[in-house]
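Close look at the chain arrangement
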Amino acid sequence: MSGLEKYFEKLLWSSRHMVFAAVISSLLLSLLLFVITAVDVAALLMHAFDYISATTEVRKVLRIELVAHTVGSIDGFLLATILLIFSLGLYELFISDIDEAKKSGQSSKVLVINSLDDLKSKLAKVILMILVVTFFEVSLSMLFNSALDLMYFSLGILMVSLALYFSSKSSH
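Not measured: the values here are computed from a predicted model.

**Examining the overall build of the chain**
Scanning the chain from terminus to terminus reveals seven helices and zero strands. Each helix (α) and strand (β) of the chain, taken in turn from the N terminus, gives the series α-α-α-α-α-α-α. A compact globule built from 172 residues would reach a C-alpha radius of gyration of about 16 Å, whereas the chain, at 22 Å, exceeds it by more than 25%. C-alpha extents for the chain along the principal axes are approximately 80 × 35 × 30 Å. Taking all 172 residues of the chain together, the buried fraction comes to 23%. Nonlocal contacts in the chain, meaning residues at least 24 apart in sequence, comprise 68% of its contacts between residues at least 6 apart. Of the roughly 12100 Å² of accessible surface on the chain, 71% is carried by carbon and sulfur atoms. In the chain, 13 positive and 15 negative side-chain charges are present, and the distance between their average locations comes to 7 Å.

The following block contains the structure:
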């Protein structure tokens, strides 16, 4: 092997460290989303006191809003989790195993990624859950003006159910 070829292969192998940009960016975005969602949850808890002192008619509206914001918070935490899984997965695939994870014994529960397909599969499942939660959040504020609206909503529920069913079948 010539010296030029060895140098090129070393450069090529070292180029995998460019993934650090994606790892750090995803980790920072995950932290940011966790903080933003936690602040939203704190604000939501403060509005819970408004519910207690509200009249019956106002409570109906507040209940829908509180549940919708709660579901939105679940979305925020799920998205932050996607970014965290993505960050950890990229690091393990391209840079190195995370020794601290292996020592803790929790890595088998949190992150077992051996290929890009494993990473995509884990991310797809979390993204599907975000879509389900978002569908539920939107359905809380839906108004049904006709039978066709109700039919579309029913078809939406069917599609979500089928997506969950087929995603659970693919993991077995």
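**Some details on the side chain of S30**
Within the secondary structure, S30 is located in helix α2 (residues 19–53). When near neighbours in sequence (up to four residues on either side) are disregarded, S30 contacts A80, L83 and L84.

**Quick word on helix α6 (residues 116–140)**
With 25 residues, α6 extends 36 Å from end C-alpha to end C-alpha; this agrees with the ideal 36 Å at 1.5 Å per step. Residues L119, L123, V126, L128, I130, V132, V133 and S139 constitute the buried set of α6.

**Considerations on α2**
Over its 35 residues, α2 runs 52 Å from end to end, which matches the ideal 51 Å to within 8%, given 1.5 Å per residue. Within the sequence span of α2, burial applies to V19, V23, S26, S30, T37 and L44. Packing partners of the buried residues in α2 comprise α3 (56–94).

**Quick notes on the side chain of S73**
When you line up the elements, S73 lands in helix α3. The residues contacting S73, other than those within four sequence positions of it, are T37 and V41.

**Focus: the packing of α3 against α6**
The geometry of α3 relative to α6 is characterised by a closest axis approach of 9 Å and an angle of 170° between their N-to-C directions. Relative to α6, the element α3 lies roughly antiparallel. Partitioned by chemical class, the residues of the contact of α3 with α6 number 23 nonpolar, three polar and three charged.

**Some remarks on the domain arrangement of the chain**
Domain assignment breaks the chain into domain 1 (1–97) and domain 2 (106–171). Computed from C-alpha coordinates alone, the two centres of domain 1 and domain 2 are separated by 18 Å. Counting from both sides, the interface comprises 18 residues of domain 1 and, opposite them, 17 residues of domain 2. Surface buried jointly by domain 1 and domain 2 totals about 1600 Å² across both partners, of which 84% is contributed by carbon and sulfur atoms.

**Here we look at the environment of W13**
Mapped onto the elements, W13 comes out in helix α1 (residues 3–14). Residue class for W13 comes out exposed when judged on its relative accessible area of 58%.

**As for the packing of α2 against α3**
Close contact between α2 and α3 brings their axes to 8 Å; oriented N to C, the two are set at 165°. One way to sum up the angle between α2 and α3 is to call them roughly antiparallel. In this structure, α2 meets α3 at a crossing whose hand is left-handed. Within the contact of α2 with α3, the residues separate by chemical class into 24 nonpolar, 10 polar and three charged.

So, how was this worked out
Residues numbered from 1 in each chain as written. Predicted model: local features only at pLDDT ≥ 70, side-chain atom pairs only at ≥ 80, totals over all residues. Heavy atoms only, no water. Helix = DSSP H or I, 4+ residues; strand = E, 2+ residues; numbered from the N terminus. Rg over C-alpha atoms; globule rule 2.2 N^0.38 Å. Buried < 20%, exposed > 50% of the residue type's maximum accessible area, 1.4 Å probe, protein only. Contact = heavy atoms within 4.5 Å. Areas by Shrake-Rupley, 256 points an atom, 1.4 Å probe, with all protein chains shown as cover. Lys, Arg positive; Asp, Glu negative; His and termini not counted. Charge placed at Lys NZ, Arg CZ, Asp CG, Glu CD. Expected span 1.5 Å × (residues − 1). Axes fitted to C-alpha atoms, helices over the stretch in contact; angles between N-to-C directions. Parallel < 35°, antiparallel > 145°, perpendicular 65-115°, else oblique. Nonpolar A, V, L, I, M, F, W, Y, C, P; charged D, E, K, R; others polar. Domains from an automatic or database assignment. Buried area = accessible area lost by both parts, 1.4 Å probe. Left-handed = near helix turned anticlockwise from the far one by under 90°.

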